[in-house]
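Listed here are the chains, written in short residue letters.
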Amino acid sequence: QVQLVESGGGLVQPGGSLRLSCEASRSIFRINAMGWYRQAPGKQREWVATITSGGSTNYADSVKGRFTISSDNAKNMLYLQMNSLKPEDTAVYYCNAIRFSSPYLDWGQGTQVTVSS
């Protein structure tokens, strides 16, 4: 089973930026779409962004124009550049591989992002 490890979260002021990273234990990026998800306190986990093996990207409306998903297949790394952060972006962020539009690997521990002044 592939393991996913997220990192890069932290406390940032509104309007600030963070870059999240996700490392996979083995190469899966070339054969799978990959995505970022997030779960805010008291809410269900929601999809944030997807990147296909061909490099096409898609974003939730709430983050479009502010977040950028990218990958480095040679390093088995997935990234999420988050700019113009808002308090409503506060959540634990997770990465996963996507098949038939759904995440299918065991979730990692996630990385906490807190946007607050």
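Our structure is the block above this text.
Draft legend 1. Inspection of the overall build of the protein at higher detail. The secondary structure content of the protein amounts to zero helices and 11 strands. Beginning at the N terminus, the succession of helices and strands in the protein can be written as β-β-β-β-β-β-β-β-β-β-β. Taking 13 Å as the expected radius of gyration for a compact globule of 117 residues, we find that the protein reaches 13 Å, a close match to that expectation. Across the 117 residues that make up the protein, the buried fraction comes to 45%. In the protein, the share of contacts with a sequence separation of at least 24, taken over all contacts with a separation of at least 6, comes to 54%. Accessible surface, the protein as shown: approximately 6,200 Å² in total, 45% of it carbon and sulfur. For the protein, the centre of its 11 positive side-chain charges and the centre of its 8 negative side-chain charges are spaced 3 Å apart.

Draft legend 2. Up close: the pairing of strand E3 (residues 18-24). Counting buried positions along E3 yields five of seven residues, so the element is predominantly enclosed. Taken together, the six bridges between E3 and strand E8 (residues 77-82) define a ladder with antiparallel strand orientation. By the bridge assignment, glutamate 23 is partnered in E8 with methionine 77.

Draft legend 3. Just the nonpolar core, in detail. In terms of nonpolar packing, the biggest core is built from 31 residues, with Trp36, Leu78, Leu80, Met82 and Tyr93 touching the most fellow members. Those elements that provide at least two residues to this core are E3, strand E4 (33-39), strand E5 (46-51), strand E7 (67-72), E8, strand E9 (91-99) and strand E11 (111-115). With residues near it in sequence (within four places) discarded, tyrosine 93 still touches Glu6, Leu20, Trp36, Tyr37, Arg38, Val48, Phe67, Leu80, Met82, Gly110, Thr111 and Val113.

Draft legend 4. Representation of the pattern of salt bridges in the model. Here the structure, examined in full by the defined rule, presents four salt bridges. The closest approach of N and O atoms between aspartate 89 and arginine 38, which form a salt bridge, is 2.9 Å. Taken together, the positions of aspartate 89 in the loop between E8 and E9 and arginine 38 in strand E4 put the pair 51 residues apart, joining distant regions of the chain. Since its relative accessible area comes to 1%, aspartate 89 is described here as buried. Look at arginine 38 and you get buried, because its relative accessible area is 5%. One salt bridge in this structure joins aspartate 61 and lysine 64, with 3.2 Å as the shortest N-O distance.

Draft legend 5. Highlighting the sheet that holds strand E1 (residues 4-7). One open sheet accounts for four strands, arranged E1-E3-E8-E7; its pairing is antiparallel. One side of each edge strand has no neighbouring strand; the edge strands of this open sheet are E1 and E7. If you compare each strand with its neighbour and ignore which way they point, the axes differ by 15° on average.

The rules we used
Residues numbered from 1 in each chain as written. Predicted model: local features only at pLDDT ≥ 70, side-chain atom pairs only at ≥ 80, totals over all residues. Heavy atoms only, no water. Helix = DSSP H or I, 4+ residues; strand = E, 2+ residues; numbered from the N terminus. Rg over C-alpha atoms; globule rule 2.2 N^0.38 Å. Buried < 20%, exposed > 50% of the residue type's maximum accessible area, 1.4 Å probe, protein only. Contact = heavy atoms within 4.5 Å. Areas by Shrake-Rupley, 256 points an atom, 1.4 Å probe, with all protein chains shown as cover. Lys, Arg positive; Asp, Glu negative; His and termini not counted. Charge placed at Lys NZ, Arg CZ, Asp CG, Glu CD. Pairing = 2+ DSSP bridges. Core = buried A, V, L, I, M, F, W, Y, C linked by side-chain atoms within 4.5 Å. Salt bridge = Lys/Arg side-chain N within 4 Å of Asp/Glu carboxyl O. Axes fitted to C-alpha atoms, helices over the stretch in contact; angles between N-to-C directions.

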